Amino acid sequence: MYWGYSSKGSLFAPSESAHDEYMDITAERKPIRIVVRAAPQRLEPKGKLPAFCHLVDQEITVNTGKPEYSSFDKVLGANTTNKDLYDCLNDDMEVVQNVLDAFNSTVITYGAAFSGKSYSLLGGNADGSLEQNTTYLLFKELFAKIEEELKEKGTKFSIKLNAFEVSLEKIYDLLAPESSKKKSLKLHHEDNKLEYNIKDLSSAVVTSIDDVAKHLSDISRRTQIESRAKRRSRSHVFFKLSIEQRNVADETLKLSALTIVDLAGCDLVTKEKAKHIPSDEIKKLNTETKAFKHVVDVVSEYETKQHRNIPESSIPYRESTLTKLLLSPLIGNSLTTFLVCCSTDRIDEKDSMKTLLSAGVIRRIRTNVRPNVFGLHQKKKMTLFYEAMKTKEQNYLSRIQQLEQERDSMRDKYSGNSQGSAQSPISTELKKSEAENKALIEQLALLRSALQNGGDGKSVDAQQTGSIMDITNSLIEKSSKVVELQSSIEETKHMNFILKGKLKGIDGRDKALEDMNTKLMSQIKAHEKMIQDLLTANAAIESELDHFKEINKIRTEKLQLMEERMSKLNLGSSGQDSASSIRNNSLSASSGHTMVPIDEGKVGFGGSSWSNPSPKTTVPRNRQVSVGSIGQSSTEDGFVPRPLKKGLKLNSVRVVSGPATSPNRPHTNS
Ligand SMILES: Nc1ncnc2c1ncn2[C@@H]1O[C@H](COP(=O)(O)OP(=O)(O)OP(=O)(O)O)[C@@H](O)[C@H]1O
């Protein structure tokens, strides 16, 4: 059994690579949702609060007041119960409904050690009952909704559960029998696939919430989640319910999964913090924590730059087992919610602030979501495929438009030769400097003439001297301006050069998009042709059927005619009584006759042995008529054929005597 989001393994689901899945332009980009939950104070019962916590109506709630730490989807105060958390996940985040609508849904806890992650998702009741266990409540709601769907729409469900633990880079099956639970499992990664599979992971088929409850209690006992309270946990626990919905009425198959992940603490472990953990284990734990942060930082950075498709090679997810397993919920086809837990103790303030800061980074990530709906039959599959192609084309067109707009605005901004739009600041500057240059040239001419006058020995009066000084000053001023302008022109030229390069890049991307569009169009055309061919074939089969029906009608009429003639013949030979006895055993009798296909033309009705029977072929009393594989007469007067096999020559039948035989078998009289 494999772990993963892939729909692989189902007979009906197309084996699409998950890499394609996250590159798929039909996928909707959905931000990861963040639900923050404050834990009640553990260590400071006197009520000293960290700066980001506020006491409002006896409730400690989180508000950092800084945008980089905030903008979360929901903040739950320290007084809230697990039932409140369940309501938030179910009603506000619609975690369960999304699964029924064929979306993969994932809930992941995140926070420092002892911040209440396990308590929030898997804990609650000290007596071991599951009524405050959020995971159980979500699964229970899913089963309730499934019941409704079954009753209202007749949808058939098959559900299976997977559970495993990632501890110090090793994976352990939580549903495996006690004897093999110590055996670690291997990750399996197919080329070009986004998600990793876990080889030999067991899965339990569950038909009711009671089945799930049994497994959850069993797992809780094994992992001792409740008793982790005083010891920092070293493992990450994964639960996954995979749901397959089949609806014959709308001919759809829906595949989705609800995955719950309880991560270990995201704060770095030190020897002082965790005296019970050996140094080599501390190292491994910290490697996992850093790897997760690294992946989140890189993906979030790409998102900030608005890159739709992050090159898989640039995401450092291979650094740990955990990041390999979390890659799909982080960037793939999953509606993901992070449950960010933070302590409200002053001593943990630094860790809590770091957690909230990371939550802000995670908030920027968007996953590539689309419903996993497939057709049960070829026709429905084609319709869905066609619709997906149309959406794809539409999305490509709007992307091309968006890129063209970006390109045009860049051209307008920097080229300075925009048509119709306002002049760019650089071209205005150039015009200004041209006018100044002209004035300068005029002043130079004036200067030259003044100097010439002086050179001619004529006296230069004071007024002229003043004017020369003015011109010289202005000249100096203008020449420095010219230098300045020239360097600004150089700079502009350089910028233009860079922009041209960028535009070239955009043009290249345009070209790639256009190519992709052309490819898609040809795919759509090919599929349209396929549909057309199928329709033509269908029409041909229908007309063939009509033809067969026509033949049957003619044959029935012929048989009736033959029957009448035979009756007349028998009347002629043995009188009225024998005729009625023959009628009782006639060809139209409901059973006991053999009719076998023969070659058309060899035995026509007019020239057949029936119209001029030889002594051997006279109708015996127990003569049988059957229709071989064609059909059997069920009434006295009519011959109603069963559906016909394509290619069988139905317009060629011969009635022979005796038990059902092949046409070559010699006729025997009884
Ligand atoms: N909302 C809450 N109400 C009551 N007790 C809580 C709450 N949140 C946490 N606790 C208590 O705080 C302690 C630590 O919680 P928990 O084990 O869930 O932390 P954690 O974040 O999962 O830690 P680790 O990372 O080590 O697994 C437990 O004793 C738990 O019962």
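Predicted, not measured: the structure shown is a model, and the values here were computed from it.

Chemist: For this particular structure, what's the right way to read the UniProt feature "binding site: ATP" (unreviewed entry) in the protein?
Modeler: Under the present numbering, the feature "binding site: ATP" (unreviewed entry) in UniProt falls on Gly-111, Ala-112, Ala-113, Phe-114, Ser-115, Gly-116, Lys-117 and Ser-118. Judged by its relative accessible area of 34%, Phe-114 is partly exposed. Mapped onto the fold, Lys-117 is located in helix 4 (residues 117–122). Those residues in contact with Lys-117, other than ones at most four positions away along the chain, are Thr-109, Tyr-110, Gly-111, Ala-112, Asp-262, Leu-263, Ala-264, Gly-265 and Cys-341. Only 2.8 Å separates the side chain of Lys-117 from the backbone oxygen of Ala-112, close enough to count as a polar contact.

Chemist: Mind showing me how you'd approach the packing of aromatic side chains here?
Modeler: Two descriptors summarise a pair of aromatic rings, namely the distance from one centre to the other and the angle between the planes of the rings. The tally for this structure, following the rule as stated, stands at five aromatic pairs. Note on Tyr-110 and Phe-292: the rings are 5.6 Å apart at their centroids and 35° apart in plane angle, and the pair reads as tilted. Note that Tyr-110 is positioned in strand 6 (residues 105–110) and Phe-292 in helix 7 (residues 279–304), a separation of 182 residues in sequence. We classify Phe-292 as buried; its relative accessible area is 5%. Considering the side-chain rings of Phe-164 and Phe-238, the 4.7 Å spacing of their centres and the 10° angle between planes classify their relative orientation as stacked. In this pair, Phe-164 sits in strand 7 (residues 156–167) while Phe-238 sits in strand 13 (residues 235–247), placing the two residues 74 residues apart along the sequence. By the burial criterion, Phe-164 is buried, and Phe-238 matches it. Through a chain of ring-to-ring contacts, the aromatic side chains of Tyr-110, Phe-292 and Phe-338 assemble into a single cluster.

Chemist: I would appreciate a short explanation of the pattern of salt bridges in the present structure.
Modeler: Proximity of charged atoms lets side chains of opposite charge pair with each other. Counting across every chain of the model gives 14 salt bridges. Across the pair Lys-140 and Glu-131 runs a salt bridge whose closest N-O atoms are separated by 3.9 Å. In this structure Lys-140 comes out as partly exposed when scored by relative accessible area, which is 33%. The shortest N-O distance in the salt bridge between Lys-145 and Glu-141 comes to 3.3 Å. Here the residue Lys-145 and the residue Glu-141 both occupy positions in helix 5 (residues 134–153), the gap between them amounting to four residues, near one helical turn. Overlapping salt bridges, with partners in common, bring together Arg-29, Glu-303 and Arg-366 in one network.

Chemist: Help me out: how do you make sense of the site of the ligand in this one?
Modeler: Residues in contact with the ligand amount to 17 residues; listed here are only the nearest, Phe-114, Lys-117, Ser-118, Tyr-119 and Ser-233. Burial of the ligand by the protein amounts to 82% of the accessible area it has alone, namely 630 Å². If you tally residues by element for the shell around the ligand, the top one is helix 4, at three residues. Partitioned by chemical class, the residues of the shell around the ligand number seven nonpolar, five polar and five charged.

Chemist: Explain helix 9 (residues 349–363) here, please?
Modeler: Here helix 9 is 15 residues long and its end C-alpha atoms lie 21 Å apart, about the 21 Å a rise of 1.5 Å per residue gives. Within helix 9 the residues assigned to the buried category are Asp-351, Ser-352, Met-353, Thr-355, Leu-356, Ser-358, Ala-359, Gly-360, Val-361 and Ile-362. The secondary structure elements touched by the buried residues of helix 9 are strand 2 (33–38), strand 4 (59–62), strand 6, helix 7 and strand 15 (335–342).

Thresholds, definitions, all that
Residues numbered from 1 in each chain as written. Predicted model: local features only at pLDDT ≥ 70, side-chain atom pairs only at ≥ 80, totals over all residues. Heavy atoms only, no water. UniProt positions renumbered as here; feature names shortened; annotations may be inferred. Buried < 20%, exposed > 50% of the residue type's maximum accessible area, 1.4 Å probe, protein only. Helix = DSSP H or I, 4+ residues; strand = E, 2+ residues; numbered from the N terminus. Contact = heavy atoms within 4.5 Å. Polar contact = N/O pair within 3.5 Å; in protein donor to acceptor, adjacent residues only side chain to side chain. Phe/Tyr/Trp six-rings, centres within 6.5 Å; stacked < 30°, edge-to-face > 60°. Salt bridge = Lys/Arg side-chain N within 4 Å of Asp/Glu carboxyl O. Near = heavy atom within 4 Å. Areas by Shrake-Rupley, 256 points an atom, 1.4 Å probe, with all protein chains shown as cover. Nonpolar A, V, L, I, M, F, W, Y, C, P; charged D, E, K, R; others polar. Expected span 1.5 Å × (residues − 1).

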